[in-house]
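Given next are the chains, with one letter for each unit.
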Amino acid sequence: MRILVTGVNGLVGSSLVKLLSKKNHSVLFTSRIKEYYASEKLDITNSSDVKKNISDFRPNFVINCAAMANVDLCEVEKNLCWNINVRGVENLVKSCINYQCHLVHISTDYIFDGQKEGGLYLETDLPNPLGVYAKSKLEAENKILNSQVSASILRTILVYGNHKNPNIVTFIKNSLEDGKEVQLVEDQIRMPTFVDDLSVACIIAGERKAKGIFNISGSEQMSYFEIGNQIADHFSLNKKNINRVKTKDLNQKAKRPYRTGFDLTKSKNELSFFPTKFRKALDLIF
């Protein structure tokens, strides 16, 4: 199969480079800047860029990893956020329809407000985004669902992985190893997702041309504070440098949902998705 991947220099993109390089597919790795893993330049906000890459390469499916994901920056740079997360997706949708290729798009748990009891969301639960980033990701989902494009929308939660790309796990581990204190909230609960699990799900969704929304995350629900303690225990680091704080203490620009998690039944049944346990993933990363 022929696969085009956008945003390959990020955490998910770099994982896909690693995994797809081991498969017998023809893959075009692209990014806004042609460097590192990217063999071609593709800025998804540029419709001509998108059309040229897709029309020239003619992929069977596109995996979109390009996004503006800094939720606090999105509150400040609202137009830029919307341009990348919504208009960029619109450009991909149009070209995928025109050239008859399947689109695999990554979305987020942040489309929910975190008020559901137990926090285990189904694909069919009603979203209620709290911030600009969350609203842009939900709007992108709607652009896809309201079009004629063949597509998989993979919602995910707090992705961690490759130690060369900054993420929550590497931040905590590196900080503790350097003797630095870290502030970790105890009242935000997530199901952290190993990046290679998400990447495998993206590939399978594309290969199967699975249509609709799928929940892709880890299976263990824990607070950021608990994540930090598990990392410290696993690598025998000093837990005294982990400070337990509340969300209100951080004065973050963007509102976050307090508790999110996913019911993974649909993804297990249709994508053969079985997530890696957090402690095992730590060994795989480092």
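Everything below is about the structure printed above this text.
Note that the structure is predicted; figures quoted are calculated from it, not measured.

Reading the values: the criteria
- Residues numbered from 1 in each chain as written.
- Predicted model: local features only at pLDDT ≥ 70, side-chain atom pairs only at ≥ 80, totals over all residues.
- Heavy atoms only, no water.
- Helix = DSSP H or I, 4+ residues; strand = E, 2+ residues; numbered from the N terminus.
- Buried < 20%, exposed > 50% of the residue type's maximum accessible area, 1.4 Å probe, protein only.
- Lys, Arg positive; Asp, Glu negative; His and termini not counted.
- Salt bridge = Lys/Arg side-chain N within 4 Å of Asp/Glu carboxyl O.
- Polar contact = N/O pair within 3.5 Å; in protein donor to acceptor, adjacent residues only side chain to side chain.
- Contact = heavy atoms within 4.5 Å.
- Phe/Tyr/Trp six-rings, centres within 6.5 Å; stacked < 30°, edge-to-face > 60°.
- Lys NZ or Arg CZ within 6 Å of the ring centre and 35° of its normal.
- Disulfide = S-S within 2.5 Å.
- Pairing = 2+ DSSP bridges.
- Expected span 1.5 Å × (residues − 1).
- Core = buried A, V, L, I, M, F, W, Y, C linked by side-chain atoms within 4.5 Å.
- Axes fitted to C-alpha atoms, helices over the stretch in contact; angles between N-to-C directions.

> Tell me about the side chain of D113, and name the residues and values.
Topologically, D113 is positioned in the loop between β5 (102–108) and β6 (120–121). The side chain of D113 sits in the buried core without any salt bridge; K116 is the nearest counter-charge, 10 Å away. Among the polar contacts made by the side chain of D113, one reaches the side chain of N128 at a distance of 3.0 Å. Among all residues touching D113, those that are not within four sequence positions of it are Y121, N128, L130, P257 and Y258.

> So what's going on with the packing of aromatic side chains? Which residues, and what values?
Scanning the model with the defined rule gives five aromatic pairs in all. Taking the centre distance of 5.2 Å and the plane angle of 70° together, the rings of Y160 and F278 count as edge-to-face. Here F278 lies in helix α10 (residues 278–285) and Y160 lies in strand β8 (residues 159–160), a separation of 118 residues in the sequence. Taken together, the aromatic side chains of Y160, F194 and F278 make up a single cluster linked through ring pairs. Sitting over the ring of F57, R2 keeps its end group 4.2 Å from the ring centre. Taking NZ or CZ as reference, K173 lies 4.9 Å from the ring centre of F235, over its face.

> So what about the pattern of salt bridges? Which residues, and what values?
Within this structure, the stated rule accounts for 15 salt bridges. Residue D56 is joined to K52 by a salt bridge in which the shortest nitrogen-to-oxygen separation is 2.8 Å. On the criterion of helical spacing, the pair formed by D56 and K52 is a turn pair, its members being four residues apart in helix α2 (residues 47–57). The same class applies to D56 as to K52, namely exposed. Here D249 ties to K248 by a salt bridge, and the two come within 3.4 Å at their closest N and O atoms. Residue class for D249 comes out partly exposed when judged on its relative accessible area of 42%. Assessed through its relative accessible area of 64%, K248 is described here as exposed. Where salt bridges share partners, they join E90, E139 and K143 into one cluster.

> Break down the state of the cysteines for me, with residues and values.
Within the structure shown, the criterion is met by zero disulfides. No disulfide involves C65; its sulfur sits 5.8 Å from that of C202, the nearest cysteine. Judged by its relative accessible area of 18%, C65 falls in the buried class. In this model C74 remains outside any disulfide bridge; the closest cysteine sulfur is found in C81, 3.4 Å from its own.

> Could you give me a rundown of the pairing of strand β4 (residues 61–64), with the residues and numbers involved?
Burial along β4 is two-sided: the residues F61 and I63 and V62 and N64 are all buried. Looking at chain direction, β4 and β5 are connected through four bridges and run parallel. Within the sheet, the bridge partner assigned to F61 lies in β5 and is H102.

> Mind laying out helix α5 (residues 132–145), listing which residues take part and the relevant values?
Side chains that are three or four residues apart share a direction in an α-helix, a result of its 3.6 residues per turn. Taking 1.5 Å as the rise per residue, α5 with 14 residues should run 20 Å; its terminal C-alpha atoms sit 20 Å apart, in good agreement. Those residues of α5 lying buried are V132, Y133, A134, S136, K137, L138, A140, E141 and I144.

> Please set out the nonpolar core residue by residue, giving values where relevant.
Ranked by internal contacts, the top residues of the largest apolar core, which has 71 residues, are V5, L16, I63 and L154. Counting residues per element, this core draws most heavily on helix α7 (residues 195–208), at seven residues. Residues in contact with V5, not counting those within four places in the same chain, are L16, L20, V27, L28, F29, T30, I63 and C65. In terms of nonpolar packing, the next biggest core, distinct from the first, is built from 21 residues, L4, L28, I54 and F57 among them.

> Now, about unusual backbone geometry: what can you tell me, with residues and values included?
With phi around 50°, R58 is a residue other than glycine that occupies positive phi space. Topologically, R58 is positioned in the loop between α2 and β4. For R58, a relative accessible area of 49% puts it in the partly exposed group. Even without being glycine, N251 reaches a positive phi, approximately 50°. Within the secondary structure, N251 is located in the loop between β14 (242–245) and β15 (261–262). Under the relative-accessibility criterion, N251 is labelled exposed at 69%.

> How would you sum up the sheet that holds strand β1 (residues 2–6)? Please name residues and give values.
Read from one edge of the open sheet, seven strands run β3-β2-β1-β4-β5-β7-β12, paired in parallel fashion. Every other strand in the sheet has two partners, leaving β3 (40–41) and β12 (212–216) as the edge strands with one partner each. Sheet strands touched by helix α1 (residues 11–20): β1, β2 (26–31), β4 and β5. Its angle to β2, the strand with the most contacts, is close to 160°. Sitting on the sheet, α5 touches β5, β7 (151–156) and β12, and the angle it makes with β5 is about 155°.

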